[in-house]
Amino acid sequence: MLVVDNFIKDENFLDELRSEKFWNSVGQLNWWDGWWNGDPRNICEEFIKNVWKQFTSLENKIAGFEYWSNIHQTGDGLNWHVDKDEKLSKEKKEIVMPNIGLVYYAISHNLEGGYLEIANSPDRNNVDPSKIERLRPIENRLIMFNPSFPHRVSGITSGKRRAIIVNAWPRKPYTFQDSDSI
């Protein structure tokens with residue numbers, strides 16, 4: 001796991017990621033083949049390129065990136081889950097998961113709760129609550145981790161949390177068989 005606070009130093013880029021224009025433009029679920037196959041088409045893909053080129057050398061090792069945004073506010077949370085090829089799981093009952101992903105907190109206004117909690121084992125049926133990693137959603141924080149391990153967002157008691165989520169895939173998920181945006 002990698003945690004980097006104050007990740008984005010460029011204030012203009014940070015302002016773009018925090019803008020309503022950006023949050024209104026990110027579709028629910030998106031696919032990008034990566035910078036080695038084509039230029040970024042939007043600010044989120046610019047962000048992806050910036051992050052992944054900084055920490056890894058993925059060219060020729062992955063097929064591309066799945067990305068989306070989450071907006072959680074008072075009363076919200078997210079149950080234990082693993083990131084997987086959702087369409088493949090639903091239609092063919094096959095479980096295929098990425099082995100590296102990230103969460104980036106662009107906005108966390110007056111936030112109480114909303115922690116990213118990650119299990120220390122891939123066993124989804126046996127999460128030991130005393131052995132989880134618990135990470136506070138701090139604005140401009142980047143967290144890279146293995147999304148095939150069970151993880152969740154704890155309940156939010158007040159405030160708003162906006163995050164960008166990105167997974168690197170060794171092959172393009174079946175979910176994006178027909179379209180790069182869902």
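It should be emphasised that the depicted structure is a prediction, and the values quoted were computed from it without experimental measurement.

1. Focus: the overall build of the protein chain
Then comes step 1: Along the backbone of the protein chain there are 4 helices and 10 strands.
Then comes step 2: For the protein chain, the sequential pattern of α-helices and β-strands runs β-α-α-β-α-β-β-α-β-β-β-β-β-β.
Then comes step 3: A globule of 182 residues ought to have a C-alpha radius of gyration of about 16 Å, and the protein chain, at 16 Å, matches this closely.
Then comes step 4: The principal-axis extent of the C-alpha atoms belonging to the protein chain is close to 45 × 40 × 25 Å.
Then comes step 5: The burial tally for the protein chain puts 45% of its 182 residues in the buried class.
Then comes step 6: Nonlocal contacts in the protein chain, meaning residues at least 24 apart in sequence, comprise 82% of its contacts between residues at least 6 apart.
Then comes step 7: The average position of the 23 basic charges and that of the 26 acidic charges among the side chains of the protein chain differ by 3 Å.

2. A look at helix 3 (residues 43–55)
Then comes step 1: Over its 13 residues, helix 3 runs 19 Å from end to end, which matches the ideal 18 Å to within 8%, given 1.5 Å per residue.
Then comes step 2: At the N-terminal end of helix 3, a side-chain oxygen is found 3.0 Å from the backbone nitrogen of Cys-44, two or three residues along, and the residue is Asn-42.

3. Digging into the sheet that holds strand 2 (residues 30–32)
Then comes step 1: The sheet built from 6 strands is open, its strands ordered 1-8-5-10-3-2 with antiparallel pairing. Each edge of the sheet is formed by a strand with only one pairing partner; in this case those strands are strand 1 (2–4) and strand 2. Each strand axis lies, on average, 20° off the axis of its neighbour in the sheet, ignoring direction.
Then comes step 2: Here strand 5 (residues 100–113) runs beside strand 8 (residues 141–145); their pairing, made up of 5 bridges, is antiparallel. Looking at the pairing, Val-103 lines up with Ile-143 of strand 8.
Then comes step 3: Its contacts with the sheet place helix 1 (residues 11–18) against strand 5 and strand 10 (156–169), and it is angled at close to 75° to strand 5.

4. Brief notes about the packing of aromatic side chains
Then comes step 1: All told, the structure shown has 12 aromatic pairs when counted by the stated rule.
Then comes step 2: Taken together, a centroid distance of 6.5 Å and an interplanar angle of 65° make the contact between Phe-7 and Tyr-104 edge-to-face. Of this pair, Phe-7 sits in the loop between strand 1 and helix 1 while Tyr-104 is found in strand 5, placing the two residues 97 residues apart along the sequence.
Then comes step 3: Given the relative accessible area of 0%, Tyr-104 is considered buried.
Then comes step 4: For the ring pair Trp-35 and Phe-65, a centre distance of 5.8 Å and an interplane angle of 20° mean the geometry is stacked. Pair noted here: Trp-35 is in the loop between strand 2 and helix 3 and Phe-65 is in strand 3 (residues 64–73), with a separation of 30 residues, a long-range link.
Then comes step 5: Residue classification places Phe-65 among the buried positions, given a relative accessible area of 0%.
Then comes step 6: Through a chain of ring-to-ring contacts, three or more aromatic side chains come together here, namely Trp-32, Trp-35, Trp-36, Trp-52 and Phe-65.

5. Things to note about the confidence of the model for the protein chain
Then comes step 1: Confidence in the prediction of the protein chain, expressed as mean pLDDT, is 91, and 100% of residues score 70 or more.
Then comes step 2: At the low end of the mean pLDDT range in the protein chain sits helix 2 (residues 20–25), at 88; at the high end sits strand 8, at 96.

6. Some words on the pattern of salt bridges
Then comes step 1: By the definition in use, this model includes 10 salt bridges.
Then comes step 2: A salt bridge links Asp-5 to Arg-141; the shortest N-O distance between them is 2.5 Å. You can see Asp-5 sitting in the loop between strand 1 and helix 1 and its partner Arg-141 sitting in strand 8, a full 136 residues away along the chain.
Then comes step 3: Here Asp-5 falls in the partly exposed class, since its relative accessible area comes to 36%.
Then comes step 4: The exposure class of Arg-141 is buried, given its relative accessible area of 10%.
Then comes step 5: Two residues, Glu-117 and Arg-152, come together in a salt bridge whose shortest N-O distance is 2.5 Å. With Glu-117 in strand 6 (residues 116–119) and Arg-152 in strand 9 (residues 151–153), this residue pair connects regions lying 35 residues apart in the sequence.
Then comes step 6: Each of the salt bridges in this network shares a partner with another, and the network as a whole consists of Arg-41, Glu-45, Lys-172 and Asp-180.

Definitions and limits used
Throughout, a residue's number is its position along its own chain's written sequence, starting from 1. Residues qualify for local features only when their pLDDT is at least 70, as the model is predicted, and side-chain atom pairs are given and counted only at 80 or more; totals for whole chains, interfaces and linings, by contrast, use all residues. Side-chain numbers here rest on the full set of heavy atoms in the structure, without hydrogens or water. Secondary structure counts use DSSP, requiring at least four H or I residues in a row for a helix and at least two E residues in a row for a strand, with both numbered from the N terminus. Computation of the radius of gyration draws on C-alpha atoms, with the globule rule given as 2.2 Å multiplied by the number of residues to the power 0.38. Only protein chains enter the calculation, and the probe is 1.4 Å; a residue is then buried if its accessible area is under 20% of its type maximum, exposed if over 50%, and partly exposed in between. The contact rule is simple, with two residues in contact once any of their heavy atoms fall within 4.5 Å. When charges are counted, neither His nor the chain ends are considered; positive counts come from Lys and Arg and negative counts from Asp and Glu. Where a charge lies is defined by one atom per residue type, namely NZ (Lys), CZ (Arg), CG (Asp) and CD (Glu). Helices are assigned an expected span. That span is 1.5 Å times one less than the residue count. Residues adjacent in sequence count toward polar contacts only when both atoms are side-chain atoms; beyond that, a polar contact is any pair of N or O atoms within 3.5 Å, and within protein one must be able to donate a hydrogen and the other to accept it. DSSP-based pairing: two strands are paired if at least 2 bridges between them are found. Every axis corresponds to a line fitted to the C-alpha atoms, with the helix fit spanning only the stretch in contact, and the corresponding angles, defined between N-to-C directions, vary from 0 to 180 degrees. In this analysis, rings of Phe, Tyr and Trp, with Trp reduced to its six-membered ring, are considered paired at centre separations within 6.5 Å, and the interplanar angle assigns stacked below 30 degrees, edge-to-face beyond 60, and tilted for intermediate values. Every residue carries a pLDDT, the predictor's confidence in it, which falls somewhere between 0 and 100. Basic side-chain nitrogens of Lys or Arg form a salt bridge, by our definition, when they fall within 4 Å of a carboxyl oxygen of Asp or Glu.

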